[in-house]
Amino acid sequence: MPLSRSLLAAALSAAALATPAAALACGGLFCDNSQPVNQAAERILFARDGDRVEMHVRLTWSGPPTEFGWLLPTPPDVEVELSSEQLFVTLDRLYAPRFSLQTVFEGDCLFPSPSDASAADAGAQPGGGGEVQILSRQAIGPFDTVVLLADDVQVLRAWLDQNGYGIPEDGDALLQPYIDAGAAFLALRLLPDATSREVQPIRLRFGGAMRTVPIRPTAVAAQPDMGVIVHVLGDARAVPTNYRHVQINDGAIDWLSGGQNYPDVVSQAADEAGGQAFATDFAGPAGGLENNLVVYEGPQLERIRAARTGDDLLEIVFDFQGDADLARILPDFIRGPEGFDAQDFFGCPFCYDTTELSIDGAGLAAAIDEGINPPRRDLRALVGAHPYLTRLYTTLSSDEMTV
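Computed from a predicted model, the values in this text were never measured in an experiment.

Notes on the sheet that holds strand β11 (residues 184–190)
Spatially, the four strands line up as an open sheet ordered β5-β11-β10-β9, and their pairing is antiparallel. Among the strands making up the open sheet, the edge pair consists of β5 (70–74) and β9 (133–140). Strand after strand, the sheet turns through a mean of 20° between neighbouring axes, direction not considered. One ladder, built from seven bridges, connects β9 with strand β10 (residues 143–149); its direction is antiparallel. For I134, the partnering residue across the bridge sits in β10 and is L148.

Section: the side chain of D144
Tracing the sequence through the fold places D144 in strand β10. Overall, D144 belongs to the buried group, its relative accessible area being 16%. Side-chain polar atoms of D144 contact the side chain of R137, separated by 2.7 Å. Dropping the residues within four chain positions of it, D144 is found in contact with R137, Q138, A187, L188, R189 and L191.

A look at the layout of surface pockets
Regions of empty space are outlined by a rolling probe, equal in size to a water molecule, passed over the atoms. Within this model, the second largest pocket holds a volume of roughly 440 Å³. Lining the second largest pocket we find 20 residues, and of these L82, G141, Q200, R328 and G371 sit closest to its centre. Elements with a minimum of two residues in the lining of the second largest pocket: β6 (79–82), α8 (324–329) and α10 (361–385). No other element matches α10, which puts eight residues into the lining of the second largest pocket.

Details of the confidence of the model for the protein
Of the residues in the protein, 84% have a pLDDT of 70 or more, and the chain-wide mean is 82. Within the model, pLDDT remains below 50 along residues 1–33, and this stretch shows 138 contacts once partners closer than five positions in the same chain are excluded. Note on residues 108–129: pLDDT under 50 across the span, and 58 contacts to partners over four residues away in sequence or across chains.

Brief notes about the nonpolar core
Among the nonpolar cores identified, the biggest contains 40 residues, and L59, F68, W70, F143, I202 and L204 are the most heavily contacted of them. Grouped together as the second largest cluster of nonpolar side chains are 23 residues, Y296, L313, A342 and A365 included.

Comments concerning the state of the cysteines
In total, this model carries one disulfide according to the counting rule given. At a sulfur-sulfur separation of 1.7 Å, the disulfide partner of C348 is C351. Between C348 and C351, the S-S dihedral sits near 60°, and the bridge is therefore right-handed. We classify C351 as exposed; its relative accessible area is 55%.

Some thoughts on the sheet that holds strand β13 (residues 226–234)
Pairing is mixed in the open sheet, where eight strands are placed in the order β6-β12-β4-β3-β13-β18-β15-β14. The open sheet has two edge strands with one neighbour each: β6 and β14 (244–246). In this sheet, neighbouring strand axes are inclined to one another by 25° on average, regardless of whether the strands run parallel or antiparallel. Sheet topology note: the strand β3 (residues 41–49)/β13 ladder contains six bridges and is parallel. Its bridge partner being in β13, E42 is matched across the sheet by V228. Against the sheet, helix α1 (residues 85–95) makes contact with β3, β4 (52–57), β13, β15 (277–285) and β18 (388–396), and its axis sits at roughly 100° relative to β3, the strand it touches most. Seen against the sheet, helix α4 (residues 262–272) touches β14, β15 and β18 and runs at an angle of roughly 75° to β18.

Details of the pairing of β15
Counting buried residues in β15 gives seven out of nine residues, a clear majority hidden from the surface. With three bridges joining them, β14 and β15 adopt parallel strand pairing. Opposite R244, over in β15, you have A277 as the bridge partner. Following the backbone out of β14, through α4 and into the adjacent parallel β15, one traces a crossover that is right-handed. Strand direction decides the pairing type here: β15 and β18, joined by six bridges, are antiparallel. The partner of A279 across the bridge, within β18, is Y393.

Focus on the side chain of T280
With respect to the helices and strands, T280 occurs in strand β15. A distance of 3.2 Å separates polar atoms of two side chains, one belonging to T280 and the other to R237.

Quick notes on the pairing of β5
Where burial is concerned, most of β5 is hidden: five out of the five residues are buried. Side chains W70, L72 and T74 project from β5 onto one buried face, and the interleaved L71 and P73 project onto a second face that is buried too. In terms of strand pairing, β5 meets β11 through five bridges, oriented antiparallel. By the bridge assignment for β11, L71 is matched with A187.

Some words on unusual backbone geometry
Comment: phi is negative for the bulk of residues other than glycine, and the bulk of peptide bonds are trans. In the Ramachandran plot, D225 falls in the positive-phi region, its phi being about 50° despite a non-glycine side chain. Note on D225: relative accessible area 37%, which makes it partly exposed.

A few points about a negative patch on the surface
Residues D225, D264, D271 and E272 make up a contiguous surface patch of negative charge. The topology assignment puts E272 in helix α4.

A few points about the packing of helix α2 (residues 153–162) against helix α3 (residues 171–180)
Taken N-terminus to C-terminus, the directions of α2 and α3 make an angle of 115°; their axes are 10 Å apart at the nearest point. Considering the angle they form, α2 stands roughly perpendicular to α3. Both α2 and α3 take part in a crossing whose hand is right-handed. Listed contacts from α3 to V153, Q154, L156 and R157 of α2 are D172, L175, Q176 and I179. Classifying every residue of the contact of α2 with α3 gives four nonpolar, two polar and two charged.

Conventions adopted
Residues numbered from 1 in each chain as written. Predicted model: local features only at pLDDT ≥ 70, side-chain atom pairs only at ≥ 80, totals over all residues. Heavy atoms only, no water. Pairing = 2+ DSSP bridges. Helix = DSSP H or I, 4+ residues; strand = E, 2+ residues; numbered from the N terminus. Axes fitted to C-alpha atoms, helices over the stretch in contact; angles between N-to-C directions. Buried < 20%, exposed > 50% of the residue type's maximum accessible area, 1.4 Å probe, protein only. Polar contact = N/O pair within 3.5 Å; in protein donor to acceptor, adjacent residues only side chain to side chain. Contact = heavy atoms within 4.5 Å. 1 Å grid on protein atoms, 1.4 Å probe; cavity = no way out; pocket = protein on both sides within 12 Å on 5 of 7 lines; lining within 4 Å. Points joined across faces, edges and corners; volume = space filled by probe spheres on them. pLDDT = per-residue confidence, 0-100. Core = buried A, V, L, I, M, F, W, Y, C linked by side-chain atoms within 4.5 Å. Disulfide = S-S within 2.5 Å. Right-handed = clockwise from strand over helix to strand, strands pointing away. Patch = residues over 30% accessible without salt bridge, like charges linked within 9 Å, V, L, I, M, F, W, Y side chains within 5 Å. Areas by Shrake-Rupley, 256 points an atom, 1.4 Å probe, with all protein chains shown as cover. Salt bridge = Lys/Arg side-chain N within 4 Å of Asp/Glu carboxyl O. Lys, Arg positive; Asp, Glu negative; His and termini not counted. Charge placed at Lys NZ, Arg CZ, Asp CG, Glu CD. Parallel < 35°, antiparallel > 145°, perpendicular 65-115°, else oblique. Left-handed = near helix turned anticlockwise from the far one by under 90°. Nonpolar A, V, L, I, M, F, W, Y, C, P; charged D, E, K, R; others polar.

Following this line, the structure appears as structure tokens:
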């Protein structure tokens, strides 16, 4: 939740159901077309990779690019790379909760029955010297990334203020515990020529055994009952260690709306448990995730590279629809008449005269091969090594973000 000229520290989380519900035809009608519950929430995915922890964080931003700013406490040895928007789209599509009624019609036509949705040791090292240490700074995709280490919150505040990261007055007390623990801070800004549309998920890798969400700084910008979704890849089910675990009251679900009040039901359960608790939305095999992280190679990539005309563009749009990463970069490689708007085109491709459109297939193929394929290869390998997924979901208000 980046804020205009204000501190942002992310906290993300999860919810789930293993596979999309099948639609069963009954007398020419579809018995069920249930959709995943819409969970407006911050999202992350954790997994271990050898002696390091991977943390994939979904970033969203719709304001002016010059006002994007993001700050996250991290271990000092953190490495930053780009991740995949398609990862989080797929996690929601395959594993978000679904609720559907089981209704019996004459002739034994059945709706599908409802599915059973049922602070870190990071190898931190103390800083010192009364000034901000720049541990690393690099441009990664659209981001200017800086890893900072400070032993005084006022020194950290001064550096952030000088570099366009405004910290609210009450931010010091929230950052101080992380400074005391020897944590570093990852600060992100968009590069001067980047646009808000280019904001995409990031991957952090760091040493340590514990997978934790630094939730306390998020209180600065949290909305009431902010959703938090945490996915954990591993060999078995993951559970929270310092938050409670709760089960929802199925009777409170609005079944007629497909359970769209699910976030409110989880909020009620968490509040009854003291405000700091997760519900488990899914725990089971994650095979479907790997299959949906397509790596574009061979004939697929060659066909994209050869694309030139408006008709070629239409083929790409429809053959690869649903790919969130491709949708993000594709507008940069479409050419049209004066006043052409790529976003309008995606809303109604057949509304345009294809003879007036063209596509830079070679440029698009290079962007896919350099920007989309590498994180997907790594993610597929990660899922292959850790085939079990847990999706945890909660909602938190600022006064509950104390642990």
